[in-house]
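Below, each chain spelled out in residue letters.
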Amino acid sequence: MEQRIEQVKTLAGRAVPPGDKSISHRAVILNAIADGTAEISNYLPGDDVMSTITCLQALGVDIEVGPDKLVVHGVGSSGLREAQDILDAHNSGTTMRLLSGLLAAQPFLSTITGDESLRTRPMNRVIEPLRLMGASIWGKSSDGLAPLVIQGSELRGIAYEMPVASAQVKSAILLAALYAQGSTTIIEPVKSRDHTERMLRAMGVALNISGNEVRCLPTSKSLKSMDVTVPGDISAAAYWLVAGAIHPDARVEITSVGMNPTRSGVIDVLKAMGAKIRIENERKEGGEPIADIIIESSELKAIDIDGELIPRLIDEIPVLAMAAAMAKGKTTIRDAGELRVKESDRITSTTTELRKLGAEIEELLDGMVIHGTGKLTGAECDSHGDHRLAMALGVAGLVAAGDTVVYNAEAVNASYPGFWQDLNMLSTR
Ligand code: S3P
């Protein structure tokens with residue numbers, strides 16, 4: 001599907017971002033292996049979370065999928081059953097990596113595959129620690145890629161220093177650790193999102209957390225099922241934050257946004273760039289901080305984005321690149337080599353597509369340099385099948401002179417199925 005976006009006169013109104021993708025995956029997986037029934041409201045009904053749901057259903061979990069809520073009938077710690085067929089994570093790295101950790105500890109054989117993009121993404125990062133725990137797990141291309149074959153076995157706890165900060169890898173190890181003999185310690189080079197840790201604790205697991213280190217103590221009990229109201233996804237809110245900041249006549253209110261500090265780097269960066277952001281009604285829901293955010297037209301200036309900030313805004317870099325193109329000065333993004341192994345190589349794909357819109361942008365091995373000109377021109381662009389790039393290009397289209405066309409625009413369904421409708425709803429032409 002292709003989507004045409006016109007430069008709009010005004011951007012105004014209230015956007016309600018969909019439920020957080022990371023938290024939706026975790027709420028389903030952890031409740032699937034818990035004792036009891038849980039309701040998950042405001043879950044993200046996107047393709048990625050549906051992949052997790054269908055995989056768990058194939059593993060014998062009864063999950064009722066309604067328009068507004070999920071009902072997960074937990075099977076307890078030893079209730080998963082061997083699937084009759086190959087599990088398919090489609091485009092979802094979170095599904096594949098988290099389920100790998102879980103399946104490594106189940107007494108049966110599993111095979112998990114994904115779409116063309118997911119089958120090129122590195123899986124050795126989960127295979128290596130899980131093997132150290134005693135898992136029998138293999139992947140294609142010398143254990144580097146999916147499909148993965150997993151013969152569940154008895155696991156032992158490990159102390160593991162992760163070479164890259166990754167919440168998916170950390171969560172895979174934590175899920176395996178729930179079933180392992182002895183305790184497991186995970187040390188990250190930089191702290192990544194901590195939704196798994198928060199939810200595990202709330203469901204009764206003893207975790208010691210200090211800085212970038214998480215220690216999971218062994219438990220013989222199943223998790224306690226827990227109703228979850230999923231906060232709005234800050235990664236989805238980020239599109240309206242940037243759109244509001246770069247558009248000359250904008251005022252957008254974004255409600256019930258998850259404000260977890262391991263995810264809120266985009267707000268810190270936009271504020272430092274001079275964005276007029278107001279945060280209101282700060283509150284907590286299900287162990288996660290949330291708030292409403294108001295953004296208004298702003299004059300942005302360039303900034304350097306690197307180091308510890310990167311995992312706190314890793315998924316927002318394509319849209320922040322659009323902000324940088326509209327800002328004054330030179331923005332340098334570094335230490336973001338992980339972007340090369342996302343749903344597309346986001347360094348190359350973002351650079352290629354932004355250039356089509358007239359931006360001055362250079363590719364670095366681990367980031368990009370953007371010379372802000374404050375001006376973009378509509379062009380024909382491609383999402384590269386990557387939801388985050390499709391939405392970032394949609395935002396750019398709102399301010400670019402003339403019309404912008406985004407090919408493969410349906411990619412947004414992975415994390416924000418209502419994105420194009422919301423973009424229209426906020427726009428006055
Ligand atoms: C996610 C973690 C991040 C992020 C992805 C979702 C998660 O990936 O980019 O969109 O839910 O754990 P990495 O763990 O590979 O950094």
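Look a little higher up for the structure.
Only a predicted model underlies this, so the values are computations on that prediction, with no experimental measurement involved.

## A short note on the packing of helix H13 (residues 387-399) against helix H14 (residues 419-426)
Now for step 1: Here H13 crosses H14 at 15 degrees, and the two axes come no closer than 11 Å. Taken as axis vectors, H13 and H14 run roughly parallel relative to one another. The interaxial crossing formed by H13 with H14 has right-handed handedness. Counting all contacts with H13, which are made through Ala390, Met391, Gly394, Val395 and Leu398, the residues of H14 involved are Phe419, Trp420 and Leu423.

## Here's the deal with the site of the ligand
Now for step 1: Around the ligand sit Lys21, Ser22, Arg26, Thr94, Arg97, Ser166, Ala167, Gln168, Arg193, Ile314, Asp315 and Lys342, and that is every residue in its neighbourhood.
Now for step 2: Ala167 is positioned such that a nitrogen or oxygen atom in its backbone is 3.0 Å from an oxygen atom of the ligand.
Now for step 3: A distance of 2.7 Å separates an oxygen atom of the ligand from a polar side-chain atom of Lys342.
Now for step 4: For the ligand, the protein covers 95% of the area, taking 390 Å² as the surface of the free molecule.
Now for step 5: When residues of the shell around the ligand are traced back to their parent elements, those giving at least two are helix H1 (21-32), helix H3 (93-103) and helix H6 (167-177).
Now for step 6: No other element matches the three residues that H1 contributes to the shell around the ligand.

## What to know about the sheet that holds strand E8 (residues 136-139)
Now for step 1: Within the open sheet, the four strands sit side by side as E6-E7-E9-E8. Their pairing is mixed. In this open sheet, the two edge strands, each paired with only one partner strand, are strand E6 (87-88) and E8.
Now for step 2: The sheet strands contacting H3 are E6, strand E7 (109-113), E8 and strand E9 (145-151), and the helix crosses E9 at an angle near 15 degrees.

## What about the layout of surface pockets?
Now for step 1: Taken as a whole, the largest pocket encloses approximately 570 Å³ of empty space.
Now for step 2: Taken together, 36 residues make up the lining of the largest pocket; nearest its centre are Ala165, Ser166, Ile314, Glu338 and Lys342.
Now for step 3: Elements that contribute at least two residues to the lining of the largest pocket include exactly H1, H3, H6, helix H10 (310-313) and H13.
Now for step 4: The class makeup of the residues in the lining of the largest pocket is ten nonpolar, ten polar and 16 charged.

## Here we look at the sheet that holds strand E21 (residues 360-364)
Now for step 1: A sheet is described by the order of its strands in space; here four strands give the open sequence E19-E20-E22-E21, paired in mixed fashion. Each edge of the sheet is formed by a strand with only one pairing partner; in this case those strands are strand E19 (304-305) and E21.
Now for step 2: As defined by bridge partners, strand E20 (residues 329-333) adjoins strand E22 (residues 367-372) across five bridges and the pair is classed as antiparallel. Within E22, the residue paired with Thr332 across the bridge is Val369.

## Some remarks on the pairing of strand E11 (residues 184-187)
Now for step 1: Of the pairings in the sheet, the one linking strand E10 (residues 159-161) to E11 comprises three bridges and is parallel in character. In the strand pairing of E11, Tyr160 is matched with Ile186.
Now for step 2: Chirality of the crossover, the property in question, places the unit of E10, H6 and E11 among those that are right-handed.
Now for step 3: Sheet topology places E11 next to strand E13 (residues 213-216); four bridges connect them, and they run antiparallel. Bridged to Ile187 within E13 is Glu213.

## Brief notes about a nonpolar patch on the surface
Now for step 1: Nonpolar side chains collect at one region of the surface, where Leu109, Trp138 and Val149 lie side by side and expose about 250 Å² of accessible area between them.
Now for step 2: By the element assignment, Val149 lies in strand E9.
Now for step 3: The class for Val149 is partly exposed, based on a relative accessible area of 30%.

## A word on helix H4 (residues 124-132)
Now for step 1: All of the buried residues in H4 are Arg125, Val126, Ile127, Pro129 and Leu130.
Now for step 2: Packed against the buried residues of H4 are H3, E8, helix H5 (140-143), E9, E10 and H6.
Now for step 3: Looking one or two residues beyond H4, the residue adopting positive phi is Gly134, at roughly 105 degrees.

## What about unusual backbone geometry?
Glycine aside, a negative phi is what most residues show, and trans is what most peptide bonds show.
Now for step 1: A cis amide bond, omega 5 degrees, links Ala146 with the succeeding residue Pro147.
Now for step 2: Of note, Asp335 is a non-glycine position whose phi angle comes to about 60 degrees, a positive value.
Now for step 3: Counting through the fold element by element, Asp335 comes out in the loop between E20 and helix H12 (346-356).

## Considerations on the pairing of E21
Now for step 1: Across five bridges, the pairing between E21 and E22 is antiparallel. When the sheet's bridge partners are listed, Glu362 is paired in E22 with Val369.
Now for step 2: Connecting E21 to the next strand, E22, in antiparallel fashion are two residues.

Definitions and limits used
- Residues numbered from 1 in each chain as written.
- Predicted model: local features only at pLDDT ≥ 70, side-chain atom pairs only at ≥ 80, totals over all residues.
- Heavy atoms only, no water.
- Axes fitted to C-alpha atoms, helices over the stretch in contact; angles between N-to-C directions.
- Helix = DSSP H or I, 4+ residues; strand = E, 2+ residues; numbered from the N terminus.
- Parallel < 35°, antiparallel > 145°, perpendicular 65-115°, else oblique.
- Left-handed = near helix turned anticlockwise from the far one by under 90°.
- Contact = heavy atoms within 4.5 Å.
- Near = heavy atom within 4 Å.
- Polar contact = N/O pair within 3.5 Å; in protein donor to acceptor, adjacent residues only side chain to side chain.
- Areas by Shrake-Rupley, 256 points an atom, 1.4 Å probe, with all protein chains shown as cover.
- Pairing = 2+ DSSP bridges.
- 1 Å grid on protein atoms, 1.4 Å probe; cavity = no way out; pocket = protein on both sides within 12 Å on 5 of 7 lines; lining within 4 Å.
- Points joined across faces, edges and corners; volume = space filled by probe spheres on them.
- Nonpolar A, V, L, I, M, F, W, Y, C, P; charged D, E, K, R; others polar.
- Right-handed = clockwise from strand over helix to strand, strands pointing away.
- Patch = residues over 30% accessible without salt bridge, like charges linked within 9 Å, V, L, I, M, F, W, Y side chains within 5 Å.
- Salt bridge = Lys/Arg side-chain N within 4 Å of Asp/Glu carboxyl O.
- Buried < 20%, exposed > 50% of the residue type's maximum accessible area, 1.4 Å probe, protein only.

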